[in-house]
Amino acid sequence: MTDQGGSDGGDSPEFVIQMAGRPDDNLSPRRGVPADAPQASRDMVEAQEGDVVVVLAQIAPRLGDVAANLERHLAIIEDARRGGGHLVVFPELSLTGYFLKDLVPDVALRGDAPELVALAAACTGIDALVGLVLESEDARFHNAAVYLSGGRAVHVHRKCYLPTYGLFDEHRYLAAGDRLRAFEAPLSAARPRRPWRAGALICEDMWHPSAPALLARQGVDVFLCPSSSPGRGIVQGAALGTALSYDSMTRTYAQLFTSYLVYCNRVGFEDGVGFWGGSRVVGPQGAPLADPLGSEETLMWHRLDLGTLRRVRISYPLLRDERHDLIDNESDRLRRRRTLD
Amino acid sequence: MSQTVSAADALSIDTAVVTEILLGFIRDEVGKVGFDRVVLGLSGGIDSALVAALAARALGPEQVVPVIMPYRSSSPESEADARTVASQLGLMDPLVVDISPQVDAYFDRFPDADRGRRGNKMARERMSVLYDLSWAHRALVIGTSNKTELLLGYGTIHGDMAHALNPLGDLYKTQVFAMARALELPRRVVEKPPSADLWEGQSDEQELGFQYAVVDMLLYHMVDERRTRDELRALGFDDEFIDLVGRRLRDNQYKRRLPLIAKLSARTIDRDFRYPRDWGR
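Residues numbered from 1 in each chain as written. Chains lettered and ligands numbered in written order. Predicted model: local features only at pLDDT ≥ 70, side-chain atom pairs only at ≥ 80, totals over all residues. Heavy atoms only, no water.

K.L.:
Which parts of the structure should I look at to understand the packing of aromatic side chains?
P.N.:
Note on aromatic pairs: each is described by the distance of the centres and the angle between the planes. One pass over the structure, following the stated rule, counts 20 aromatic pairs over all chains. Ring plane angle 40° and centroid distance 6.0 Å describe the contact between A:Trp196 and A:Tyr260, whose orientation is recorded as tilted. With A:Trp196 in strand E7 (residues 196–200) and A:Tyr260 in strand E9 (residues 260–265), the pair connects residues that are 64 residues apart, well separated along the chain. Counting every residue linked through ring pairs, the aromatic cluster contains A:Tyr98, A:Phe99, A:Tyr165, A:Phe168 and A:Phe275. Positioned over the ring face of A:Phe275 is A:Arg266, at 4.1 Å from the centre of the ring. The side chain of B:Lys121 reaches across the aromatic face of B:Tyr106, ending 4.2 Å from its centre. (Phe/Tyr/Trp six-rings, centres within 6.5 Å; stacked < 30°, edge-to-face > 60°. Helix = DSSP H or I, 4+ residues; strand = E, 2+ residues; numbered from the N terminus. Lys NZ or Arg CZ within 6 Å of the ring centre and 35° of its normal.)

K.L.:
What is the right way to look at the side chain of B:Lys32 in this model?
P.N.:
Of note, B:Lys32 is situated in helix H2 (residues 15–32). Judged by its relative accessible area of 19%, B:Lys32 falls in the buried class. A distance of 2.4 Å separates a polar side-chain atom of B:Lys32 from the backbone oxygen of A:Phe269. A polar atom in the side chain of B:Lys32 sits 3.0 Å from the side chain of B:Asp278. (Buried < 20%, exposed > 50% of the residue type's maximum accessible area, 1.4 Å probe, protein only. Polar contact = N/O pair within 3.5 Å; in protein donor to acceptor, adjacent residues only side chain to side chain.)

K.L.:
Explain the nonpolar core to me, please; I cannot follow it from the model alone.
P.N.:
Taken as a class, soluble globular proteins show a tendency for nonpolar side chains to be buried jointly. Counting 51 residues, the largest nonpolar core has A:Tyr147, A:Trp196, A:Phe223 and A:Leu224 as its most contacted members. Dropping the residues within four chain positions of it, A:Leu224 is found in contact with A:Leu87, A:Val89, A:Leu129, A:Tyr147, A:Phe183, A:Ala198, A:Gly199, A:Ala200, A:Leu201 and A:Val262. Ranked by size, the runner-up nonpolar core spans 42 residues in total, among them A:Phe269, B:Ile13, B:Leu22 and B:Val38. (Core = buried A, V, L, I, M, F, W, Y, C linked by side-chain atoms within 4.5 Å. Contact = heavy atoms within 4.5 Å.)

K.L.:
For this particular structure, what's the right way to read the sheet that holds strand E12 (residues 280–282) of chain A?
P.N.:
In a beta sheet, neighbouring strands are held together by backbone hydrogen bonds and run either parallel or antiparallel to one another. Residues and elements named next belong to chain A. If you trace the five strands from one edge of the open sheet to the other, you get E6-E7-E8-E9-E12, paired in mixed fashion. Each having just a single partner strand, strand E6 (183–185) and E12 make up the two edges of the open sheet. Strand after strand, the sheet turns through a mean of 30° between neighbouring axes, direction not considered. Pairing of E9 with E12 involves three bridges; the strand directions are antiparallel. (Pairing = 2+ DSSP bridges. Axes fitted to C-alpha atoms, helices over the stretch in contact; angles between N-to-C directions.)

K.L.:
Where do I start with the interface of chain B and chain A in this structure?
P.N.:
How big an interface is tends to be stated in terms of accessible area lost as the parts join. Tallying the contact residues gives 29 residues for chain B and 25 residues for chain A. Carbon and sulfur atoms make up 54% of the area that chain B and chain A hide from each other, which totals about 1900 Å². The salt bridge partner of A:Asp102 is B:Arg267, with a shortest N-O separation of 2.7 Å. Run the count over chain B and chain A and you get ten residue pairs in polar contact (both at pLDDT 80 or more). (Buried area = accessible area lost by both parts, 1.4 Å probe. Salt bridge = Lys/Arg side-chain N within 4 Å of Asp/Glu carboxyl O.)

K.L.:
Just to check I follow, could you spell out helix H8 (residues 173–182) of chain B for this structure?
P.N.:
Helical periodicity: at 3.6 residues per turn, an α-helix aligns residues three or four positions apart in one direction. Restricting attention to buried positions, one finds in H8(B) the residues B:Lys173, B:Gln175, B:Val176, B:Phe177, B:Met179 and B:Ala180. Where H8(B) terminates, the next one or two residues include B:Glu184, which has phi positive at roughly 55°.

K.L.:
Hey, could you run me through helix H8 (residues 306–315) of chain A in this one?
P.N.:
Residues and elements named next belong to chain A. What H8 keeps buried is the set Leu306, Thr308, Leu309 and Val312. The buried residues of H8 occupy an angular sector of 155° when the element is viewed end-on, so they sit on one face. In this structure, H8 carries Arg310, Arg311, Ile314 and Ser315 as exposed residues pointing more than 90 degrees from its buried face. Looking at the packing, one finds that the buried side of H8 touches E7, E9 and strand E13 (298–304). Capping the start of H8, Asp305 holds a side-chain oxygen 3.2 Å from the backbone nitrogen of Gly307, two or three residues further along. (Arc of directions from axis to C-beta.)

K.L.:
How do you make sense of the sheet that holds strand E1 (residues 38–41) of chain B when you look at a structure like this?
P.N.:
Residues and elements named next belong to chain B. Reading across the sheet, the four strands line up as E3-E2-E1-E4 and stay open at both edges, with parallel pairing between neighbours. Bordering the open sheet on either side are strand E3 (95–96) and strand E4 (140–141), each of which pairs with just one other strand. Relative to E4, E1 is paired through two bridges, and the arrangement is parallel. Looking across to E4, one finds that Val39 is bridged to Val141. Seen against the sheet, helix H3 (residues 46–59) touches E1 and strand E2 (64–68) and runs at an angle of roughly 165° to E1. Across the sheet, helix H6 (residues 115–137) touches E1, E2, E3 and E4, and the angle it forms with E1 is around 155°.

K.L.:
When you look at the pattern of salt bridges in this model, what are you seeing that I'm missing?
P.N.:
Where charged atoms from two side chains of opposite charge approach closely, those side chains can pair. Under the criterion given, the structure shown has 41 salt bridges over all chains. As a salt-bridge pair, A:Asp169 and B:Arg274 come within 3.9 Å of each other at their nearest N and O atoms. Residue A:Asp169 is located in the loop between strand E5 (152–158) and helix H5 (170–173), and its partner B:Arg274 is located in the segment after helix H13 (239–251); the two belong to separate chains. Owing to a relative accessible area of 31%, A:Asp169 belongs among the partly exposed residues under this scheme.

K.L.:
Got a minute to help me understand a nonpolar patch on the surface in this structure?
P.N.:
Taken together, the side chains of B:Ile261, B:Ile269, B:Phe273 and B:Trp279 make up a nonpolar region of the molecular surface, amounting to roughly 390 Å² of accessible area. For B:Ile269, a relative accessible area of 54% gives the class exposed. (Patch = residues over 30% accessible without salt bridge, like charges linked within 9 Å, V, L, I, M, F, W, Y side chains within 5 Å. Areas by Shrake-Rupley, 256 points an atom, 1.4 Å probe, with all protein chains shown as cover.)

Take it as geometry only, folks, not as evidence of what the structure does.
Quick look at the structure:
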């Protein structure tokens, strides 16, 4: 049983992208992909009717240069659309870069920003999840992921957990989101036999398992997880510490919530800090569909299908057996006790 | 000194992973500021040899400008070792700039200057040579300070500590050795006792008063692992050593920071005017 939809309008973003004419024609796409993008994996994608072809855009955004990053996004979306992709997932803060510090207000976009209008306009016949700093009417700045489809924004997720420790300083500059809502991803180009339900988690959101659990309760077929994860931890043994953590989290969530999980991490360096990439799609049995990417700029193509989800959920009816009543009762008890304290 | 955790366990690194990150770092951060080559001082020691090897792999050997800057008291073997490194890596013939005339001309005015003062001056003369050659060769100055030196303050501010990029600054000396072995640097360079070679017979470990392998262990547990004094004692470090290293760590913090700016306005550089260095890159 899921708490799908709901009367609180959980699916609708709180802003409308206004179509202010055609996107700037000057934004002619330069080649958005390195020449060695993996055509092989793309050839293997034999989409059946109703399958969803997802394209992971593992890129290195240019820090603080929204115009350059926008051009790149448009080129990649266009390439993906022409290549038969149905959904492009970009990394966290893909339009701005990550370690922005005092640049945050300078690169922030409002819901009616021409950059978003241009991106939305490019998303016809294909969907995209893009990362940006979203500015509210009252000058709060959110690390956000916006899902674009059919020329408009159909969902926005504002990062709920802002890491402010170690090398992270997000809460100094950004406001935390306060909602975790699953949504219906149109994916109209794929013509699925029923709508796909999606939930977005941005990087640090993934380190709090209640976040995917809350999304899963609303019904999720695919977790979309954009990330800007800096690589660190060289002492522990055979691999990068951060990569091991995400490997374990992505497998675990996909398996326990019997859903697909799309993890798109960025690459490149900012002020000496390297982002390790490793983007992958994990299937509902907890295994990546292919080896995760390395730390180069690459596009990765994968085919997702509802039939696989159905088969796995028959074998492992974990979602069916989830005890929402139990969780609610215990949560209520804890909340009452806290009130009494 | 007996330790319950061996240095090999605590400081061991996956050299392949580190190499990949450092090659990406050099390629990305050099290219982003509009350069395609680097210039560095080759001393004949392990740190500069490792940086040269990484830069040669990242950018191509022809994009690395090696500079040998001996003083008249420098060991001739250092220069020979530096040449061995350059030729093994396929670099261009090193530029040789003898800094004796400029250093001596200065100290003619201060004949009583002690060797610490002279050593610092040499390090700063070398820095000024590298920055001049940076302009002449359109090459970014790449530094060779490792994490042990930076934490202990065992370096000259505005001398060897001045450079545009530092690939080794997060690697302890013990880890530099591991990297040098993995990258198959010349055996002599890896095996000889580390020395700043500022005066004859100088040795890092003699001057510091402890071995790199031991202090790296302590620093790792103090800095990276944030262990308490009791935990450090349990690992086998004595109070005197912990105090000595702790003091060096604290007293040299100034060398690792930009100069202090007197706070006056609402936005003071690096305090509440905070921008990434890779701004727009």
